Amino acid sequence: MPEVHDQMRMNAHTQLVMLQRAIEQISSEDPELDTLNGLLEKLGAHSYTVAVVGEFNRGKSTLINALLGMP
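## Notes on the overall build of the chain
- Of regular secondary structure, the chain possesses three helices and zero strands.
- In the chain, the succession of α and β elements from N to C terminus is α-α-α.
- The C-alpha atoms of the chain give 18 Å as radius of gyration, which overshoots the globular expectation for 71 residues (11 Å, by more than 25%).
- For the chain, the C-alpha atoms occupy an extent of roughly 55 × 30 × 15 Å along the three principal directions.

What follows is the structure, given as structure tokens:
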């Protein structure tokens, strides 16, 4: 399964770079370029932000610790 995700990530990266180049040809001052650059950076970093929300004392920390393999 990781191979599928890696291929999808590479495809997304390729498409974002193509879009970035097309926008640069139209206008190098386009504010969308900053957005694309940020997306490309995040895509390359392999990092994700996950939010876990819920009421107090409902097992959020226990769930996160279990997912991470921590006590």
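## Overview of the nonpolar core
- Listed in full, the seven residues of the largest apolar core are L16, V17, I23, L33, L36, L40 and L43.
- If you list the elements that add at least two residues to this core, you get α1 (2-26) and α2 (32-45).
- Sort the elements by how many residues they give to this core and α2 lands first, with four residues.

## Describing a nonpolar patch on the surface
- A surface patch of nonpolar side chains, about 880 Å² in accessible area, is lined by Y48, V50, V52, L63, I64, L67, L68 and M70.
- Mapping V52 onto the fold places it in the loop between α2 and α3 (60-68).

## A look at the pattern of salt bridges
- In the structure shown here, the tally under the stated rule is one salt bridge.
- Here E55 ties to R58 by a salt bridge, and the two come within 3.7 Å at their closest N and O atoms. Here the two residues E55 and R58 agree in accessibility, since each one is exposed.

## Remarks on α2
- Given a rise of 1.5 Å per residue, 14 residues ought to cover 20 Å, and the 20 Å separating the end C-alpha atoms of α2 matches this to within 8%.
- Those residues of α2 lying buried are L33, L36, L40 and L43. Along the axis of α2, the buried residues cluster in a sector spanning 85 degrees; they form a single face. Exposed side chains of α2 directed beyond 90 degrees from the buried face belong to D34, E41 and K42.

Parameters and conventions
- Residues numbered from 1 in each chain as written.
- Predicted model: local features only at pLDDT ≥ 70, side-chain atom pairs only at ≥ 80, totals over all residues.
- Heavy atoms only, no water.
- Helix = DSSP H or I, 4+ residues; strand = E, 2+ residues; numbered from the N terminus.
- Rg over C-alpha atoms; globule rule 2.2 N^0.38 Å.
- Core = buried A, V, L, I, M, F, W, Y, C linked by side-chain atoms within 4.5 Å.
- Buried < 20%, exposed > 50% of the residue type's maximum accessible area, 1.4 Å probe, protein only.
- Patch = residues over 30% accessible without salt bridge, like charges linked within 9 Å, V, L, I, M, F, W, Y side chains within 5 Å.
- Areas by Shrake-Rupley, 256 points an atom, 1.4 Å probe, with all protein chains shown as cover.
- Salt bridge = Lys/Arg side-chain N within 4 Å of Asp/Glu carboxyl O.
- Expected span 1.5 Å × (residues − 1).
- Arc of directions from axis to C-beta.

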